[in-house]
Amino acid sequence: MTQPDQNALRRGRWLLRLGAHLTDEIYRGAILPCALFWWHSSVDLLELMRANPVRPDWQRLLSPLLWLERRIPPFGGQPRLPFKLALLLVAFIGAWSLLGSGTTLEDLQQDGELVVVSRESETTLMREGELTRGPVHDYLNSFAEFLGVNLRFDLRDSSRAVNDAIARDEGHIGAAGMTYHPPLRERGLLLGPGYQDVDIQVVCRRNHGKRPRSIEELREVELVVVADSPYESRLFELQQDHPELSWESDEDADVDDLLELVWRKEIGCTIANSSEVDIKRRFYPELAVAFTIKENDSLIWTLSPEWEILADSIEQWLEMIEQDGTLMILRDRHYRQQEFDYVDMRTFIRRIRSRLPRLEPLFRKYAEQHDIPWTLLAAQSYQESHWNRRAKSPTGVRGIMMLTLATAREMGVESRLDVEQSIMGGARYLRRLEQRIPDSVRGEDRWWYALAAYNVGMGHVHDARKLARELDLDPDNWRDMRGVLPLLSQEKYYRNLRYGRARGSEPVIYVQQIRNYRNILHAQLVRDRGTHGG
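Basis of the calculations
- Residues numbered from 1 in each chain as written.
- Predicted model: local features only at pLDDT ≥ 70, side-chain atom pairs only at ≥ 80, totals over all residues.
- Heavy atoms only, no water.
- 1 Å grid on protein atoms, 1.4 Å probe; cavity = no way out; pocket = protein on both sides within 12 Å on 5 of 7 lines; lining within 4 Å.
- Points joined across faces, edges and corners; volume = space filled by probe spheres on them.
- Helix = DSSP H or I, 4+ residues; strand = E, 2+ residues; numbered from the N terminus.
- Buried < 20%, exposed > 50% of the residue type's maximum accessible area, 1.4 Å probe, protein only.
- Expected span 1.5 Å × (residues − 1).
- Axes fitted to C-alpha atoms, helices over the stretch in contact; angles between N-to-C directions.
- Left-handed = near helix turned anticlockwise from the far one by under 90°.
- Contact = heavy atoms within 4.5 Å.
- Nonpolar A, V, L, I, M, F, W, Y, C, P; charged D, E, K, R; others polar.
- Disulfide = S-S within 2.5 Å.
- Pairing = 2+ DSSP bridges.
- Core = buried A, V, L, I, M, F, W, Y, C linked by side-chain atoms within 4.5 Å.
- Salt bridge = Lys/Arg side-chain N within 4 Å of Asp/Glu carboxyl O.

Sorry if this is basic, but what is going on with the layout of surface pockets here?
Left-over empty space is what a probe sized like a water molecule reveals as it rolls over the atoms. Counted as a void, the second largest pocket has a volume near 480 Å³. Lining the second largest pocket we find 16 residues, and of these Thr-395, Val-397, Tyr-454, Asn-455 and Val-456 sit closest to its centre. Of all elements in the fold, only α15 (374-385), α18 (445-456) and α22 (505-529) reach the threshold of two or more residues within the lining of the second largest pocket. Here the lining of the second largest pocket gets 3 residues from one element, more than from any other, and that element is α18.

Whenever I open this one, unusual backbone geometry confuses me. Can you help?
Where the residue is not glycine, phi is negative for most of them; where a peptide bond is considered, it is trans in most cases. The phi dihedral of Lys-265 falls on the positive side, at around 70 degrees, and the residue is not glycine. Mapped onto the fold, Lys-265 is located in the loop between α9 (255-263) and β10 (270-273). With a relative accessible area of 44%, Lys-265 lands in the partly exposed category. Phi is positive for Met-402, which is not a glycine, with a value near 50 degrees. By the element assignment, Met-402 lies in the loop between α15 and α16 (405-410).

Quick question: what am I supposed to make of α15 here?
At 3.6 residues per turn, the α-helix brings residues three or four places apart onto the same side. With 12 residues, α15 should reach 16 Å at 1.5 Å per residue; the first-to-last C-alpha distance of 16 Å fits that figure. The buried fraction of α15 is high, at 11 of 12 residues. The first or second residue beyond α15 is His-386, which carries a positive phi of 55 degrees.

Would you mind going over the packing of helix α17 (residues 419-435) against α18 with me for this structure?
To describe two helices that pack against each other, one gives the angle between their axes and the distance between the axes. Contact geometry of α17 with α18 gives a least axis separation of 8 Å together with a crossing angle of 115 degrees. You can see that α17 and α18 cross each other, and the crossing is right-handed. Between α17, through Gly-426, Tyr-429, Leu-430, Arg-431, Leu-433 and Glu-434, and α18, the contact on the second element is made entirely by Arg-446, Trp-447, Ala-450, Leu-451, Ala-453 and Tyr-454. The residue inventory of the contact of α17 with α18, partitioned by class, reads 8 nonpolar, 1 polar and 3 charged.

Just checking my understanding: could you explain the state of the cysteines for this structure?
Linking two cysteines covalently through their sulfur atoms gives a disulfide. Tallying each qualifying case throughout the model produces 1 disulfide. Note on cysteine connectivity: Cys-204 is disulfide-linked to Cys-269, with sulfurs 2.0 Å apart. Handedness of the Cys-204-Cys-269 disulfide follows from its S-S torsion of about 105 degrees: it is right-handed. Taken together, the residues span a long stretch of sequence, with Cys-204 in strand β7 (residues 196-205) and Cys-269 in the loop between α9 and β10 at a distance of 65 residues.

Help me understand the packing of helix α14 (residues 356-369) against α17, please; the structure alone is not making it clear to me.
In the contact formed by α14 and α17, the axes pass within 9 Å of each other and the chain directions differ by 35 degrees. Pair α14 / α17 crosses with right-handed handedness. Touching Leu-359, Leu-362, Phe-363, Lys-365 and Tyr-366 of α14 are Val-419, Glu-420, Ile-423, Met-424 and Ala-427, all from α17. Residue classes in the contact of α14 with α17 are distributed as 8 nonpolar, no polar and 2 charged.

Can you walk me through the pairing of strand β1 (residues 113-119) in this structure?
Put simply, side chains in a regular strand alternate between the two faces of the sheet. The buried fraction of β1 is high, at 6 of 7 residues. Here β1 runs beside strand β4 (residues 150-156); their pairing, made up of 7 bridges, is parallel. When the sheet's bridge partners are listed, Arg-119 is paired in β4 with Arg-156. Of the pairings in the sheet, the one linking β1 to strand β5 (residues 173-179) comprises 3 bridges and is parallel in character.

What exactly am I supposed to notice about the environment of Val-456 here?
Within the element layout of this structure, Val-456 appears in helix α18. For Val-456, a relative accessible area of 18% corresponds to the buried category. For the pair Val-456 and Tyr-510, spaced 54 residues apart in sequence, the C-alpha separation works out to 9.7 Å.

Sorry, what's going on with α18 here?
The end-to-end C-alpha distance of α18, which contains 12 residues, comes to 16 Å, matching closely the 16 Å that a straight helix rising 1.5 Å per residue would cover. For α18, a buried count of 11 out of 12 residues is recorded, marking the element as mostly surrounded by other parts of the structure. Turning to α18, its buried residues number three or more, namely Asp-445, Arg-446, Trp-447, Trp-448, Tyr-449, Ala-450, Leu-451, Ala-452, Ala-453, Tyr-454 and Val-456. Remark: Gly-457 follows α18 within two positions and exhibits a positive phi of approximately 105 degrees.

Please explain the pairing of β5 as it appears in this structure.
Here β5 lies mainly inside the structure; 7 of its 7 residues are buried. On β5, burial covers both faces: Ile-173, Ala-175, Gly-177 and Thr-179 on one face and Gly-174, Ala-176 and Met-178 on the other are all buried. Of the pairings in the sheet, the one linking β5 to strand β11 (residues 287-303) comprises 4 bridges and is antiparallel in character. Opposite Thr-179, over in β11, you have Leu-299 as the bridge partner.

Quick question: what am I supposed to make of the nonpolar core here?
Side chains of nonpolar character tend, in soluble globular proteins, to be buried together. One finds Phe-363, Trp-387 and Ile-423 to be the most contacted residues of the largest nonpolar core, which totals 63 residues. Listing elements by their share of this core, those giving two or more residues are α13 (342-354), α14, α15, α17, α18, α19 (458-470), α20 (478-484) and α22. Among the elements that take part in this core, α18 stands out by supplying 9 residues, more than any other. If near-sequence neighbours (up to four positions away) are discounted, Ile-423 is found in contact with Leu-362, Phe-363, Tyr-366, Leu-377, Ile-400 and Met-401. Of all hydrophobic cores here, the second largest spans 31 residues; its members include Ile-215, Ala-253, Ile-267 and Cys-269.

Mind showing me how you'd approach the environment of Leu-471 here?
Tracing the chain through its elements places Leu-471 in the loop between α19 and α20. What makes Leu-471 partly exposed here is its relative accessible area of 35%. Note: C-alpha distance between Leu-471 and Val-484 (13 residues apart in sequence) is 8.8 Å. Not counting the four nearest positions on each side in its chain, Leu-471 is found in contact with Leu-487 and Tyr-493.

Can you help me understand the pattern of salt bridges in this one?
Note on pairing: side chains with opposite charge can pair once their charged atoms come close. Taken as a whole and judged by the stated rule, the model has 25 salt bridges. Here Lys-466 and Glu-470 are joined by a salt bridge, their closest N and O atoms 2.7 Å apart. With Lys-466 and Glu-470 both in helix α19 and 4 residues apart, the pair spans about one turn of that helix. Judged by relative accessible area, which is 52%, Glu-470 ranks as exposed. The shortest N-O distance in the salt bridge between Arg-503 and Glu-506 comes to 2.8 Å. Salt bridges here are not isolated pairs; linked through shared partners, they connect Arg-119, Asp-254, Asp-256 and Lys-280.

Right, dumping it as structure tokens:
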């Protein structure tokens with residue numbers, strides 16, 4: 001090696017030693033203290049986050065890091081320092097990755113599908129062939145449309161199975177008809193905003209044993225509730241002031257099961273929310289509310305922790321549908337009925353089994369001919385005559401469809417007492433009325449307008465539409481029209497209308513009753529046959 005080469009080598013070695021010395025001084029004097037302070041502060045933060053978990057993906061990161069932190073020896077020798085700092089770098093990169101990669105609405109919308117885990121019940125949703133019906137379906141279908149995605153249901157056997165699936169991130173939303181229940185958070189679930197106000201009620205059976213009227217009297221009846229449910233939590237709260245209060249917890253049953261057992265007289269009483277009671281009494285009319293143990297609770301959905309972002313979207317959607325009237329329509333469709341008539345409901349269910357089988361082929365035949373849902377025609381007929389072919393009113397309308405003599409002749413009906421002719425004439429007349437409804441009225445609202453006209457006359461319906469415009473209401477929306485029609489009985493409103501005074505409240509009640517009968521008929525057919533029948 002030449003002298004210049006040797007000199008260059010010495011200079012290179014000297015520069016390397018100087019660089020290493022300077023790096024070591026900087027490392028020890030500045031970087032290391034800062035890194036150690038940041039590391040131990042981060043460990044404290046990680047411990048706090050683990051004690052108060054928010055997201056399961058954080059848990060998956062924190063557990064191994066904290067395990068390593070406890071097993072790394074104290075900083076006694078220089079060889080351990082690079083490993084410690086490397087671990088710190090891994091923690092930083094991992095946390096940054098997680099915080100920056102949370103799920104967003106854009107992820108859901110790009111995937112194009114909202115997955116809802118639910119259970120099959122009259123109080124949630126029912127599968128009817130290729131169709132799905134029920135409050136959970138209609139609410140979440142509206143929410144999916146708001147998000148601009150498709151809706152898919154994943155059905156489980158019970159409310160507990162629904163929430164377990166959501167905790168495992170097997171769906172975006174859990175919809176089991178549950179009320180607000182903070183202990184669900186301990187199972188890793190998020191609680192969405194309330195979408196329906198309900199009361200918590202004690203439910204027993206009419207004419208079967210003692211019906212309690214107070215908390216004190218509950219100890220005198222057999223009370224069975226769903227285990228680990230909001231209802232049992234309420235009982236634990238009440239037990240603080242009423243130590244004698246006792247009950248039996250059922251870990252395998254849902255509220256629907258217990259309500260049926262009450263109806264079958266196999267247990268004394270249970271606890272359910274008012275929406276569950278309202279719906280189940282349509283099928284079990286003998287169920288009776290003993291008293292209310294909590295007012296103004298809320299139905300909620302549970303959310304997967306991965307999709308916490310949906311909570312804000314649900315609130316935005318609820319605000320939107322409340323403003324545009326959709327929320328009222330959904331509540332009316334599933335929860336609000338005219339005052340419950342125990343005798344009428346029990347009679348209707350009995351006649352679905354005794355009278356409908358003979359009439360159903362005729363309802364189907366003429367409904368198909370005139371493109372009318374056959375269950376709508378059957379429900380209208382029940383409202384008119386209770387399926388009594390000899391029915392007659394003081395005003396002279398007769399038959400199973402209660403046709404006037406003039407309408408019967410116009411529709412080609414020779415005998416109003418002939419069941420087939422009456423159903424044929426009623427279907428033809430209802431379809432003709434529907435065709436006279438303006439095209440601006442859309443969807444099922446067209447049938448509600450046609451039924452109102454069947455009851456009060458098309459002229460008064462046109463008058464109500466004119467009045468709606470004058471009142472700056474929507475003449476094409478049944479929600480607005482059902483508020484306008486009753487005004488036709490007040491002189492200050494009808495004096496300037498073409499057709500004058502009308503008993504405007506009657507068509508509103510008429511339409512609502514038909515809708516109630518139709519909903520009950522659908523559910524009863526599913527219950528008895530496993531099909532809605534169309």
